[in-house]
Amino acid sequence: MSKCEQCIVREFSSLKALKKDELLKIADCKTSYTIKKGDTIFSEGEQVNGIFCIKDGVCKLSKLSQNGKEQIVKLITKGELLGQRSMISDEAVNLSAVALEDMEVCFIPKVDIMGFFDKNNQFSMNVMKNICGDLKESEAHTVSMAQKTVKERLAETLLYLETSFGKNEDGSLHIQLSRDELAGMIGTATESCIRLLSEFKKLNLIALSGKSITIIDSAKLKKLAE
């Protein structure tokens, strides 16, 4: 079992405020998992009763609309935590989390982490700041969906995928989303997403090969996204 006090990814989350004795307590109570690509970490409406620390890999947070269409709200990567808000509010999670690639995660039960809120003010503040940050992102996403065209949102999303998750050796985006998933990120029909990708390809902004996408002209793509 890996030692929490030696784990580098904790430095990127609220857990960085925990002291050595608190980290040792977490190491004793946490459970480590390997989650395969496509597997569900938790589903919308589920009682999670703890937080997940992402040690490696990427997952999507999504919500199903009434007609069954998936809306991807956010992508989560290593160093981030899942389940902080529902742990504080004592509610079921309102999103589903599904692995986009093989992942390593640690689960820390709520009963073992809530005690730190009374004893470690910096930890409490970090959690609150992260929840506020999520709310700010959600508001920005809502404004983008309302004020930007689908074409602008697609350009913005492709740049986000490159900036946040990097590229493969061949230059293609590291995170390979299906056309359905990409459509779910920009809030449009899959057919519209496919049509726009073809348009971007004809404009020589991107190259397409199967599911993989390579950004050719990021400057023009950025201009289009604004």
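Residues numbered from 1 in each chain as written. Predicted model: local features only at pLDDT ≥ 70, side-chain atom pairs only at ≥ 80, totals over all residues. Heavy atoms only, no water.

By the naming in an unreviewed UniProt entry, the protein goes by Crp/Fnr family transcriptional regulator and is assigned to Flavobacterium frigidarium.

### Notes on the environment of Val-93
If you trace the backbone, Val-93 turns up in the loop between α2 (84-89) and β7 (96-99). By relative accessible area, which is 7% here, Val-93 ends up buried. Distance from Val-93 to Asn-168, taken between C-alpha atoms, is 33 Å for residues 75 residues apart in sequence. With near-sequence residues (within four places) excluded, Val-93 lies in contact with Phe-42, Ser-43, Glu-44, Gly-45, Glu-46, Val-48 and Ser-86. (Helix = DSSP H or I, 4+ residues; strand = E, 2+ residues; numbered from the N terminus. Buried < 20%, exposed > 50% of the residue type's maximum accessible area, 1.4 Å probe, protein only. Contact = heavy atoms within 4.5 Å.)

### Some details on helix α6 (residues 150-165)
A rise of 1.5 Å per residue sets the reference length of α6, with its 16 residues, at 22 Å; its end C-alpha atoms lie 22 Å apart and thus fit the reference within 8%. Of the positions making up α6, those classed as buried are Glu-152, Arg-153, Leu-154, Ala-155, Thr-157, Leu-158, Leu-159, Leu-161, Glu-162 and Phe-165. One or two steps after α6, the chain reaches Gly-166, where phi turns positive at roughly 80°. (Expected span 1.5 Å × (residues − 1).)

### Quick notes on the nonpolar core
Counting residues in hydrophobic clusters, the biggest one holds 27 residues, and the most contacted among them are Leu-75, Leu-158, Leu-182, Ile-206 and Leu-221. For this core, the secondary-structure elements that each account for two or more residues are β5 (70-77), α6, α7 (179-186), α8 (190-202), β10 (212-215) and α9 (218-225). For this core, the element with the highest residue contribution is α6, accounting for 6 residues. (Core = buried A, V, L, I, M, F, W, Y, C linked by side-chain atoms within 4.5 Å.)

### Some words on the state of the cysteines
Among covalent bonds in proteins, the disulfide is the one between the sulfur atoms of two cysteines. This model, assessed by the stated rule, comprises 0 disulfides. Free cysteine: Cys-53, not disulfide-bonded; nearest cysteine sulfur from Cys-7 at 5.8 Å. Since its relative accessible area comes to 7%, Cys-53 is described here as buried. (Disulfide = S-S within 2.5 Å.)

### Overview of the sheet that holds strand β8 (residues 103-109)
Ordered in space as β1-β8-β3-β6, the 4 strands form an open sheet in which the pairing is antiparallel. Two strands close off the open sheet at either side, each with one partner strand: β1 (31-35) and β6 (81-82). Pairing analysis gives 6 bridges linking strand β3 (residues 50-56) to β8, with the strands arranged antiparallel. Residue Asp-56 lies in a different strand from β8, and its bridge partner there is Glu-104. (Pairing = 2+ DSSP bridges.)

### What about the packing of α6 against α8?
Axis separation between α6 and α8 bottoms out at 11 Å; the angle between their running directions is 70°. Between α6 and α8, the angle falls in the class roughly perpendicular. Between α6, through Val-150, Lys-151, Leu-154, Ala-155 and Leu-158, and α8, the contact on the second element is made entirely by Cys-193, Leu-196, Leu-197, Glu-199 and Phe-200. Among the residues forming the contact of α6 with α8, the class breakdown is 8 nonpolar, no polar and 2 charged. (Axes fitted to C-alpha atoms, helices over the stretch in contact; angles between N-to-C directions. Parallel < 35°, antiparallel > 145°, perpendicular 65-115°, else oblique. Nonpolar A, V, L, I, M, F, W, Y, C, P; charged D, E, K, R; others polar.)

### Focus on the environment of Gly-79
Residue position: Gly-79 is located in the loop between β5 and β6. Linking Gly-79 and Lys-55, residues 24 residues apart in sequence, is a C-alpha distance of 6.1 Å. Excluding anything up to four places from it in sequence, Gly-79 contacts Val-9, Phe-12, Ser-13 and Ile-54.

### Some thoughts on the side chain of Ser-14
Mapped onto the elements, Ser-14 comes out in the segment before α1 (20-29). A relative accessible area of 1% means that Ser-14 is categorised as buried. A distance of 2.7 Å separates the side chain of Ser-14 from the side chain of Asn-130, its partner in a polar contact. What Ser-14 contacts, discounting residues up to four positions off in sequence, is Leu-81, Gln-84, Phe-123, Asn-126, Val-127 and Asn-130. (Polar contact = N/O pair within 3.5 Å; in protein donor to acceptor, adjacent residues only side chain to side chain.)

### Points about the pairing of β5
The pairing of strand β4 (residues 58-64) with β5 spans 7 bridges and is antiparallel. By the bridge assignment, Val-58 is partnered in β5 with Thr-77. Linkage of β4 to β5, two consecutive antiparallel strands, is achieved through a turn of 5 residues, within which Gly-68 is found at a positive phi near 85°.

### Here we look at the packing of aromatic side chains
Applying the stated rule across the entire model yields 5 aromatic pairs. A ring pair is formed by Phe-117 and Phe-123, whose centres lie 5.1 Å apart and whose planes are at 65°; its orientation type is edge-to-face. Across the pair, exposure class does not vary: Phe-117 and Phe-123 are buried alike. (Phe/Tyr/Trp six-rings, centres within 6.5 Å; stacked < 30°, edge-to-face > 60°.)

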